[in-house]
Amino acid sequence: GWEMLQLPLVVTAQVDLLLVLVSLLAFWTRLSHLSYPNAVVFDEVYYGQFVSLYMKRVFFIDDSGPPLGHMILAFGAYLGGFDGNFVWNRIGAEYPSTVNVWSLRLLPALCGALCVPLGYLLTLELKFSHLSALGAAVLLLLENSLIVQSRFMLLESVLIFFVLLAFFSYLRFHNAPSSSWSRYNWLILSGVSCGAAVGVKYMGLFSYLLLLVVASLHTWKLIGDKTISHMNVCVQSVHRVLCLVVVPVLLYVFWFYVHLSFLNRSGPHDQLMSSAFQASLQGGLSRITRGQPLEVAYGSQVTLRSSVSQPIPCWLHSHKVNYPIRYDNGRGSSHQQQVTCYPFKDVNNWWIIKDPGRQQLVVDTPPRPVRHGDVIQLVHGMTSRFLNSHDVAAPMSPHTQEVSGYIDFNVSMPAQNLWRVDISNREAESEVWKTILSEVRLIHVNTSAVLKLSGVSLPDWGFRQLEVVADKLFKAHSSSLEWTVEEHRYGTSQEQKEREAELHSPTHIDVDRKISFWAKFVELQWKMLTVKQEESEHKYSSSPLEWITMETNIAYWLHSSTNAQIHLIGNPVSWGVANLSLLAYQLLAVVYLLRRRRGLKDVPDGVWDQFVCLGCVCVGGWLVNFVPFLLMDKTLFLYHYLPALCYLYLLSPALLEHAHTHLLRYAHQLQHVTHQRALCVGALAVLLSIFLTYRTFCPLTYGSPELSAHQLQGLKWRDTWDILYRRR
Amino acid sequence: MAKAECTPKWNTLALRNRKTCPTPEKSFQTTFTPVSKDKNSQTAGHLAGGDTQSSNGPSGQFLARESIESPSKVLLMLVAGLSFSTRLYKITEPPHVCWDETHFGKMGSYYINRTFFFDVHPPLGKMLIGLAGYMSGYDGTFPFIKPGDKYENQNYWGMRGFCATLGSFLPIFAYLIVLELSNSCTAAIIAATLLIFDTGCITISQYILLDPILMFFIMAAVLSMVKFNQSFSASWWLWLVLTGINLAGALGVKFVGLFVIILVGLNTIWDLWRLLGDMSLSLVDIAKHFLARAFALILLPLILYVTIFAVHFVVLNKSGPGDGFFSSAFQSRLIGNNLHNASMPEYLAFGSTVTIKNLRIAGGYLHSHWHLYPEGVGARQQQVTAYLHKDYNNLWVVHRQQDNNSQSGNPDLVRHGDIVRLEHKETTRNLHSHLHEAPLTKKHFQVTGYGINGTGDANDLWQVEVCGGQKGDPVKVLRSKVRFLHRATGCALYSSGKTLPKWGWEQIEVTCSPYLKETPSSQWNIEDHINPKLPNISLSVLKPNFLEILLESHIVMFRGNSGLKPKDNEMNSKPWHWPINYQGLRFSGVNATEYRVYLLGNPVVWWINLASLGLYLTMVAVASIATQRGFSLEHSLVLVRGGGLLMLGWLLHYAPFFTMGRILYFHHYFPAMLFSSMLTGTKLCWTSFLHLCVWSEAVEQTNFYLFHPLSYGMTGPLAHEPGSAMADLKWMDSWEF
């Protein structure tokens, strides 16, 4: 043991001081005075409501993105002890002292700050010099729009962080010597970041797909490498698929798992979900349906909910008012009792299932269940009218049949009130009709038309309720034809009066019904992708082509009494540099490609590979994060451009370095040096002007100090920017 | 592994092909023709499997071909005979208007009668239909009001026969294309039979529709594209020019023709890239190649396309139902239109009644009507919109700031910088704007009609500004571009081009824009001008030149196309339905007693196509991985090249529909279906599943026999009712025959 003690105790550490420096600056620019302004800023008003719901564990649907982003924001709120008791109702509302604003904004700001060192490291992994890396980091550091977007409770900075992390760790993996096994840690990290990026916003999908393309190109090269054995190639490929495909997919599902296990209370968006889903949440429907009998029997009292939730969830309904004899357009009706779909719970939503062969409206002991294929009649609980359809045009959709509560006016219009039960999600032919679980079509026996929610609102005579029709030309799969029993009990009252009292009484009994996580996941995911919100233009929305030249800005916040304000405005100089380098890269690439095709190799193969890789990641990243927006008809904002912009900031310094080392080579020896010097001076000048512009726009980025109207006017570099002046 | 399995079989197959399968184009490409570059690498693929040989192909192959030219000719005759007989069989039935014949038959009649109409498709298809009708003695008098109308004794067979004839060429073209790409008769004959016996292709070819014409041009373009491959020979030029002509034809029938243009474009780029890498060619040669293609594939189609429109405008010179869609300048060309020879006062004056038209193409007239903006959309005042049709609600009266009464004597002219009040003639409300968000363009301000009988407020005042004019310049009717600047807020009257929802009668939004850039959207001109106190001067309305007409008609067509949104309750077909033959299209007849025709693909054909797409991708994946690992699969190159082209064609004609917002129908899939059938043919014979081919052919033809009533018409009970002859054939619930 003496030898051990004789050795000196040494720690060797290499610290990249540049990296440390930019990181510190990044933290300083992103985190200082984070809780100013102490008011709701722009989309905080949108994300805030979800954070509150997380704190209260109330279920919600947000179609704007998967749940990880909301969960990260909610985690920040949780750290600060936020209890969810704040009404996020308008931009500019002051936070009360109980809300820890700093912690709400902390996580996005941290992510935003970490993007800067990540940009630095990523440039190194693209095999460019430290100087280029520094350039990229400075561009990211001094970009006003990135700072603004990071400093509030918003998700773009988190998304950008994960995307950069994914690319960095993938390239780290790729550049590591193939013998080391530890490099697979980087690959796993890359997969995890991809899963996280897609989990924060769907937009992360674009970068993820790009990463897959880059990875498959590398794998393709690997497959072509004949020095490696077949076995080895197989193993390596499988590893990549596992880490880059399986891990992200599993993670994506995992976010939903966490989301759904957290949010177990019923809330405002319940109604969009199926009855089975609602029954799995605490409170709400489950309180009503708990312990209902499962099997629908003759004599059951039921409410029938339409399976579509568009335009609005509703229940089959009737009331003591008849269809008008003539509609406004002169067509006639049967003048029988109206049958509609009504979006609220109501005693008139109750229907009784009757055996056509018997008179009684109570359930036998033991109950006789209704099965697939059985023919039934439906009796409206409160008015005792039979659900009926006939060859009369429906009020709003004249190509379909009217559905009515039958009244015999003695006008040779016989009752046609038999309906066949068709359970569309049956597993066996003689399946029993089950509460909540079965999706049922009611097929009119006389005309074989199907009871359908047309989705059209009736005019005033129908109290603006939704029209119900019977449609003959049914499509094989359409949820507007399907109905589920939601509330259900076995009827016991023989007399109409008793029955009415029974219908008014609440349902009860206790059993808990579970649906599996997968069913919930699929349903939630499907709803998130299909729920259509009325898209309308926003005051600050913009079209993608305006982003390139930054024709547009977004006012995030205006002080309630002074001219202090925060805007999403980028650094115009960096923006110009980014566009310029994008253009330059494309030009250069075309020239290189054409010349190489003719056998003229301007740069050595290694440099060419580096150049191509730079293009794949940076120009490719810009393309996939920009072009899809041209095809979308969503409401779009300037901040959707930020991920694409980050790729360009990585591109610019790298391209400059490429030009410096390889293009100027062709100049005459003497000129060569002068050119290089000129380039350096130019680059320094650009950096300086970027810094100055950053300083100039700081008041609009941090919201302080307050500027006079005249100074604000001076900052309006473009006519199309909306800068607010408070009139005094 | 893969090598051991595939190579020998492919070799034998290839040999067999070479011996027995001459390509038929030799019959008119004359004897000297050596095989092209492309061709070389393909045929060479069989021999040596590399890129190096380019010399031994021609002579050897030529000999082989010469000796057995006849079998392929016989096969071609057979294909032609079968396809003509299946397409022309029962061509006159049913003797009533079927489905879209009501549109295209009617438009054919318009050409015969020379009346102007508007349609969302370019004119070539309808012109040809009209021509066919004219030649066959149809006089253009049948009104084509709705599907089901009886033709009685009109000569409708000519138009149907014309479409069916073009439709009959599809299997022939498919045969030739596949033969060219794969060099295998078997492959070619399979592709052709798939199309010949597809009930869907038959049905869609038999009626007066644009689709057979469109598909004819698409297939002809692809055929000529795969044929031009020997540089600068006479036949090369011929095929190159034919490609260009067919591209123009395809685009001239429907805008879907754009997809085949993209296909040809990509193929050409690939071709040029290949030539660029060929170091034996000098840059001058490459420039020649490039220029030849630029001329034949860009310039020539463009000229032809423009010519088609020129003919369209020359032929249709009478006022008709399409007038309303176009600007007044355009309408002044049409005989019988009220603007044909107009006269009005030359300078705008106070007290004049005017219509004000936006300068954006198809921008519409400034319009108002007795309807308020609905609650929640700005202030609840009267709507002001832009309207594309002529209407008395487009009339506005120009007033001074204050006075409402008409002056005596000569009225003063309105000059640049004057303040005016525009009063809507019908409702006597003033054009008004205020600081409320506009209904759709939220960055702009709302424009309303406000006040009554001329009394309003300061927000009713607008400053007239003649673009490019100076203070004091008068406003010329029709010729001056005018802007209206709102006095109180400084914004400019603007037409955003967005369509208002139902409450706005789907007219176009009018706003007041705070951004003062001069764009056509914020510029207006005075069109109709009525002032009895001023002398009327005959104005030859600035006749629009041809390019303006062309541009305007295209913009109107695109608007119309994107305006075809699916309506509620209307059946809407989704693109994913199509390849699985999920749901057909009812061409004629609903009830049991009627003569019914149902457009539905032969399920066996379509499902084979679908399976072959999947199989093709797998095969390509396996083959290319094997090649990358260093196994030499000689024929994978042909598989990837020929099949890749067809796969790309399928993708280009199918994928874009997923992004389209307009209403879609089942028949939109048919061009893509042609490509997938050809792919099936090409691919099936590169696999060694020959017996499978034979089997599938047999099944397919039985099926054709079973399903032929769908195309040729059926009567009797519907399939889902008991006792129907078709009951057993309703394999999917969604089929509605």
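Being a predicted model, the structure only gives us computed values, none of them experimental.

Novice: Break down the interface of chain B and chain A for me, with residues and values.
Specialist: If you look at the interface, chain B gives 32 residues, while chain A gives 35 residues. Approximately 2500 Å² of surface area, both sides summed, lies buried where chain B meets chain A, with 54% of it carried by carbon and sulfur atoms. Its largest share of buried area at the contact with chain A, chain B owes to K443, Q628 and R629 of chain B, together 29% of the area lost on that side. Linking chain B with chain A are zero salt bridges. Secondary-structure elements contributing two or more residues to the side of chain B that touches chain A are helix 13 (257–277), helix 14 (283–315) and helix 17 (603–628) of chain B. Ranked by residue count, the leading element in the side of chain B that touches chain A is helix 13 of chain B, at five residues. In the side of chain B that touches chain A, the residues fall into 13 nonpolar, nine polar and ten charged.

Novice: Describe the environment of F350 of chain B, naming the residues involved and giving the relevant values.
Specialist: Residue and element names in this part refer to chain B. Structurally, the position occupied by F350 is in the loop between strand 1 (343–344) and strand 2 (353–358). A relative accessible area of 3% means that F350 is categorised as buried. Sequence-wise, F350 and K476 are 126 residues apart; in three dimensions their C-alpha atoms are separated by 13 Å.

Novice: Kindly report on the domain arrangement of chain B, identifying the contributing residues and their values.
Specialist: Each assigned domain of chain B is listed with its residue range as follows: domain 1 (71–311 + 579–729) and domain 2 (342–404 + 411–533). In this structure, domain 1 of chain B and domain 2 of chain B have C-alpha centres spaced 50 Å apart.

Novice: So, the packing of aromatic side chains: which residues are in play, and what are the values?
Specialist: All names here are of chain B. A full pass over the atoms with the stated rule returns 75 aromatic pairs over all chains. Each ring, one from Y110 and one from F117, has its centre 5.3 Å from the other, and the planes form 20°; the classification is stacked. Since its relative accessible area comes to 5%, F117 is described here as buried. Ring geometry for Y151 and Y156: centres 4.1 Å apart, planes at 10°, overall stacked.

Novice: With reference to specific residues and values, describe the packing of helix 8 (residues 156–175) of chain A against helix 10 (residues 204–224) of chain A.
Specialist: When two helices pack together, their arrangement is given by the angle between the helix axes and the distance between those axes. Residue and element names in this part refer to chain A. Their axes nearest at 10 Å, the elements helix 8 and helix 10 cross at an angle of 5°. For the element pair helix 8 / helix 10, the angle class is roughly parallel. On helix 10, the residues that touch L159, V163, A166, F167, Y170 and H174 of helix 8 are G204, S207, L210, L211, V214, A215 and H218.

Novice: Outline the nonpolar core, listing residues and values.
Specialist: Residues F59, W88, Y170, I554, Y556 and Y641 of chain A are the most contacted members of the largest nonpolar core, which totals 156 residues. At 14 residues, helix 8 of chain A tops the list of elements feeding residues into this core. Inspection of this core shows a minimum of three residues originating in each of domain 1 (38–258 + 543–715) and domain 2 (269–287 + 511–528) of chain A. Beyond its immediate stretch of four places on either side in the chain, W88 of chain A contacts V40, E44, V45, G48, Q49, S52, F82, Y95, L104 and M153 of chain A. If you look at the next biggest cluster of nonpolar residues, it comprises 125 residues, including L170, F259, A292 and L297 of chain B.

Rules behind the numbers
- Residues numbered from 1 in each chain as written.
- Chains lettered and ligands numbered in written order.
- Predicted model: local features only at pLDDT ≥ 70, side-chain atom pairs only at ≥ 80, totals over all residues.
- Heavy atoms only, no water.
- Contact = heavy atoms within 4.5 Å.
- Buried area = accessible area lost by both parts, 1.4 Å probe.
- Salt bridge = Lys/Arg side-chain N within 4 Å of Asp/Glu carboxyl O.
- Helix = DSSP H or I, 4+ residues; strand = E, 2+ residues; numbered from the N terminus.
- Nonpolar A, V, L, I, M, F, W, Y, C, P; charged D, E, K, R; others polar.
- Buried < 20%, exposed > 50% of the residue type's maximum accessible area, 1.4 Å probe, protein only.
- Domains from an automatic or database assignment.
- Phe/Tyr/Trp six-rings, centres within 6.5 Å; stacked < 30°, edge-to-face > 60°.
- Axes fitted to C-alpha atoms, helices over the stretch in contact; angles between N-to-C directions.
- Parallel < 35°, antiparallel > 145°, perpendicular 65-115°, else oblique.
- Core = buried A, V, L, I, M, F, W, Y, C linked by side-chain atoms within 4.5 Å.

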